[in-house]
Amino acid sequence: MGKYKIEYQRSGCIGAGVCAALCEKHWVMADDGKADLVGAKNEGELNVKEIDETELDCNKQAAEGCPANVIHIIDKKTGEKIV
Ligand code: SF4
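Thresholds applied
Residues numbered from 1 in each chain as written. Predicted model: local features only at pLDDT ≥ 70, side-chain atom pairs only at ≥ 80, totals over all residues. Heavy atoms only, no water. Helix = DSSP H or I, 4+ residues; strand = E, 2+ residues; numbered from the N terminus. Contact = heavy atoms within 4.5 Å. Phe/Tyr/Trp six-rings, centres within 6.5 Å; stacked < 30°, edge-to-face > 60°. Disulfide = S-S within 2.5 Å. Buried < 20%, exposed > 50% of the residue type's maximum accessible area, 1.4 Å probe, protein only.

> Break down the side chain of Asn-59 for me, with residues and values.
For Asn-59, the position within the fold is in helix 2 (residues 56-65). When sequence neighbours within four positions are dropped, the list of residues in contact with Asn-59 reads Ile-6, Cys-23, His-26, Trp-27, Ile-51 and Ile-73.

Here it is as structure tokens:
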């Protein structure tokens, strides 16, 4: 179980590719021009994926760099939204 949860609202992605450039292990550009969060599950409107501490850095950069602000990271223990 990961310590953090990534929530990605794919419908709002504008295909800027920042996430895939900064964190290529977790983010790839799909044929429809939007980003996919690798290994994510669908939860309603969101694609979600749990990550641990070692995976936080580049995902945080991706979330902070996303111009559409559709990537958020939550600390599961405290419920705090890190990004
Ligand atoms: S950085 Fe944001 S808008 Fe750009 S491809 Fe990634 S999710 Fe989409």
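Read on for the rest.
> Hey, could you go over the packing of aromatic side chains for me, with residue numbers and the actual values?
With the rule as written, the count across this model stands at 1 aromatic pair. Between Tyr-8 and Trp-27, the ring centres sit 4.9 Å apart and the planes meet at 85°, which makes this aromatic pair edge-to-face. Remark: Trp-27 occurs in strand 2 (residues 27-29) and Tyr-8 occurs in strand 1 (residues 4-8); sequence separation between them is 19 residues.

> Give a detailed account of the state of the cysteines, specifying residues and quantitative values.
Under the counting rule described, the total for this entry stands at 1 disulfide. Cys-23 shares a disulfide with Cys-58; S-S distance 2.0 Å. Linking Cys-23 in the loop between helix 1 (18-22) and strand 2 with Cys-58 in helix 2, this pair joins segments that are 35 residues apart in sequence. On the accessibility criterion, Cys-58 (24% relative accessible area) is partly exposed.

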